[in-house]
Amino acid sequence: MREVRLRFAPSPTGYLHIGGLRTALYNYLFAKHNNGKFILRIEDTDRTRYVEGAIENLIESLQWAGIEYDEGVFLEDGKLVQRGEYGPYIQSERLEIYRKYVDELIEKGYAYYCFCSKERLDKVREEQKIKGLIPKYDGLCRSLSLEEAKEKIANGEEYVVRLKLPPNTDIKFDDLVRGTITINTNDIDDQVLLKSDGYPTYHMAVVVDDHLMGITHIVRGEEWLSSTPKHVYLYEVFGWEKPVYVHLPTVLNKDRKKLSKRHGDVAVEDFRDKGYLPEGLINYLALVGWSPEDNEELLTMEELIEKFSFERVSKTGGIFDKDKLDWVNSHYIKNYDLDKLTDLAIPYLKEANLIDDKFAEERYDWLKVLVETVREGLSNLSEIVDKVGIFFDNEIKPENDEALSMLKMDHIPTLLSAFREELEAIDEVDEEFAKTIMKKIQKATGIKGKNLFMPVRIALTGNIHGPELTSIIYLLGKQNILNRIEYVEKQYL
RNA sequence: GGCCCUAUGGUCAAGUGGUUAAGACACCGCCCUUUCACGGCGGUAACCGGGGUUCGAAUCCCCGUAGGGUCACCA
């Protein structure tokens, strides 16, 4: 049996799209599930759309997401390197290869030179549209003899090479999620295979590369479904073994259109920057378009690999549901290794000028406690900034009138001085103190329940809601609390 | 418009001729908690329409309808 080999083959035109990540993920999961190989190939045959740095960005996003590949283009010390037996893995470095196969097609009569100008093509399409016909190449150069064509080329005329499709022929292929697809050649154009700049089009390059690289399963977006017959035809005329096709449903916006920028984030790096954990994003994304047999929804990469199959990929496009992503991600935040989570959280605190490098280093243990106490309410790490603000500002401002009025209650001065007395009796707040202080104050003042806890909370944070008082007191420490009590007494009492 | 694909709650989705049509997110209620969150329990809510086939259709077929994709020297 052939070794299972799959590839992810993006174009370096920008960032990695969230839909692209899912395609890469499904490829990866299936390859790993079958102990196969996963390959990253770069499809840069459109020189006009090439974006500097896009390949590096793509690789970094994949790496961040935890999707590893065995062959292809890698980033090492900031430089692109290629590894694997089937290289090069960047299509612009494979031009001679495509050329050779294009020549073979021409020789065998499966492709022909075409000298039609862009202007003529546009005009033909225009006229066809007016007549209500399907815009399609009219086949003018189809009848040109090879000799005539070669003569034109010798005279320096620009040309492309087109696929010569047989008329009125059904082309069938099986798709693992959609079943058998049949399309008639009358509905397909004589696709350009080789562009006038000497670069192949996607349709030529993808077939040649997938064959040469031993790709067994082609897993890609649904948008490729209707051009698959062209690829299948090429496999047939070359006499190559066809791969298994899998066309994935689209990831959609709320408006059921393809996920696009105007509705929010679509780049993998945007989610990383917002503080989504790779485990969370991957877990959620796996669930848009696929479900495991047991319907378990919280899955690690290892579990995904174990459970993944194309039989359970759905046929319908799924809306990218940020609420559910948040839920999945919050699960990972709650259970993440605390050191790792703290390391990931620190950049956000720095960015918000809550802490600096020195603070991060010297008070790392304190930061860990901080992260631990607020992690439960977070759906992504960038939200931590709002949650921890109360720990960094001793100038208490009641968040609203309700909070203010609670601070103005008659018994508050007694409460605060009792608190102060307890604090002055110790060197520093420890866990024991934090745990018992409220009871002591209650005993000393006779104030209890809501009249006790809420005013203290507001005096210490200004807010009605927040983490447990015990944690707040522990995290704040003696001096901060004394400062806050003093501030509140001066400002509000 | 031609061709191709698709159609279960607001969303993701189980379901492959016989089920009280799962589960999750979101939403609502209750409990837990002297706050919020977490957690627990419960609730609202779905088979696009019409014809067939069948003893019996969410499941099979046909016709509509709706949505998506594609019709480039872009991938």
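Residues numbered from 1 in each chain as written. Chains lettered and ligands numbered in written order. Predicted model: local features only at pLDDT ≥ 70, side-chain atom pairs only at ≥ 80, totals over all residues. Heavy atoms only, no water.

A. Geometry of the protein's contact with RNA strand B. Close to RNA strand B lie 60 residues, the nearest being Arg178, Gly289, Glu297, Phe453 and His465. Put simply, 70% of the atoms of RNA strand B that lie within 4 Å of the protein are in sugar or phosphate. With respect to RNA strand B, the side chain of Lys334 contributes an N or O atom lying 3.1 Å from a sugar or linking oxygen. Arg457 has a polar side-chain atom sitting 3.0 Å from a base nitrogen of RNA strand B. (Near = heavy atom within 4 Å. Polar contact = N/O pair within 3.5 Å; in protein donor to acceptor, adjacent residues only side chain to side chain.)

B. Layout of helix H4 (residues 118–130). For H4, with 13 residues, the first-to-last C-alpha span of 18 Å sits near the 18 Å given by 1.5 Å per residue. Leu121, Val124 and Gln128 are the residues of H4 that are buried. The arc that holds every buried residue of H4, seen down its axis, measures 65 degrees, which confines them to one face. Away from its buried face, by an angle of more than 90 degrees, H4 presents the exposed residues Lys118, Glu119, Lys123, Glu126, Lys129 and Ile130. Where H4 is buried, its residues contact strand E6 (160–163). Where H4 terminates, the next one or two residues include Gly132, which has phi positive at roughly 80 degrees. (Helix = DSSP H or I, 4+ residues; strand = E, 2+ residues; numbered from the N terminus. Expected span 1.5 Å × (residues − 1). Buried < 20%, exposed > 50% of the residue type's maximum accessible area, 1.4 Å probe, protein only. Arc of directions from axis to C-beta. Contact = heavy atoms within 4.5 Å.)

C. Representation of the packing of helix H18 (residues 431–445) against helix H19 (residues 450–461) in the model. Packing of H18 against H19 brings their axes to within 11 Å, and their N-to-C directions diverge by 125 degrees. Taken together, the axis directions place H18 and H19 in an arrangement best described as oblique. For H18 against H19, the interelement crossing comes out right-handed. Contact residues: Met438, Ile441 and Gln442 in H18; Leu452, Phe453 and Val456 in H19. (Axes fitted to C-alpha atoms, helices over the stretch in contact; angles between N-to-C directions. Parallel < 35°, antiparallel > 145°, perpendicular 65-115°, else oblique. Left-handed = near helix turned anticlockwise from the far one by under 90°.)

D. Structural context of the pattern of salt bridges. Summed over the entire model, instances satisfying the criterion amount to 35 salt bridges. For Asp122, the salt bridge goes to Lys118, with nearest N and O atoms at 3.4 Å. Here Asp122 pairs with Lys118, and both are found in helix H4, just four residues apart, close to one helical turn. In this structure, Glu362 and Lys358 form a salt bridge, with 4.0 Å as the shortest nitrogen-oxygen distance. Here the residue Glu362 and the residue Lys358 both occupy positions in helix H13 (residues 357–362), the gap between them amounting to four residues, near one helical turn. (Salt bridge = Lys/Arg side-chain N within 4 Å of Asp/Glu carboxyl O.)

E. Inspection of the pairing of strand E3 (residues 71–76) at higher detail. Burial analysis of E3 places five of its six residues in the buried class, which makes it a mostly covered element. Sheet analysis places E3 next to strand E4 (residues 79–83), joined by five bridges and oriented antiparallel. For Val73, the partnering residue across the bridge sits in E4 and is Gln82. (Pairing = 2+ DSSP bridges.)

F. Quick peek at the state of the cysteines. According to the stated counting rule, one finds zero disulfides in the structure shown. The cysteine Cys116 is free of any disulfide, with Cys141 supplying the nearest cysteine sulfur at 3.5 Å. (Disulfide = S-S within 2.5 Å.)

G. Main features of the sheet that holds E6. With respect to topology, three strands assemble into an open sheet ordered E5-E6-E9, the strand pairing being antiparallel. Taken across any chain shown, the strands that pair with only one partner, and hence form the sheet edges, are strand E5 (111–114) and strand E9 (192–194). Strand after strand, the sheet turns through a mean of 45 degrees between neighbouring axes, direction not considered. Relative to E6, E5 runs antiparallel, the two sharing four bridges. Within E6, the position partnered with Cys114 by the bridge is Val160. Against the sheet, helix H3 (residues 95–107) makes contact with E5, E6 and E9, and its axis sits at roughly 100 degrees relative to E5, the strand it touches most.

H. Fine view of the layout of surface pockets. Empty space within the largest pocket amounts to approximately 1,000 Å³. Taken together, 41 residues form the lining of the largest pocket, with Ala9, Pro10, Ser11, Glu223 and Trp224 sitting closest to its centre. Where the lining of the largest pocket is concerned, the elements lending two or more residues are strand E1 (5–8), helix H1 (18–33), helix H6 (202–212) and strand E10 (217–221). The element that contributes the greatest number of residues to the lining of the largest pocket is H1, accounting for five residues. Looking at the lining of the largest pocket residue by residue, the classes come out as 16 nonpolar, 13 polar and 12 charged. Viewed by domain, the lining of the largest pocket spans two of them, domain 1 (5–91 + 251–322) and domain 2 (94–248), each represented by three or more residues. When its volume is computed, the second largest pocket comes out at roughly 470 Å³. Considering the residues around the second largest pocket, the lining is formed by 19 residues, among which Lys118, Leu121, Val160, Arg162 and Val192 are closest to the centre. Those elements giving two or more residues to the lining of the second largest pocket turn out to be H4 and E6. (1 Å grid on protein atoms, 1.4 Å probe; cavity = no way out; pocket = protein on both sides within 12 Å on 5 of 7 lines; lining within 4 Å. Points joined across faces, edges and corners; volume = space filled by probe spheres on them. Nonpolar A, V, L, I, M, F, W, Y, C, P; charged D, E, K, R; others polar. Domains from an automatic or database assignment.)

I. Region of interest: the domain arrangement of chain A. Per the domain assignment, the segments of chain A are domain 1 (5–91 + 251–322), domain 2 (94–248), domain 3 (336–384) and domain 4 (393–492). Counting from both sides, the interface comprises five residues of domain 3 and, opposite them, four residues of domain 4. Sorting the residues of domain 3 by area buried against domain 4 places Trp366, Val369 and Thr373 first, and these three jointly supply 84% of that buried surface. At the junction of domain 3 with domain 4, the criterion picks out zero salt bridges. (Buried area = accessible area lost by both parts, 1.4 Å probe.)

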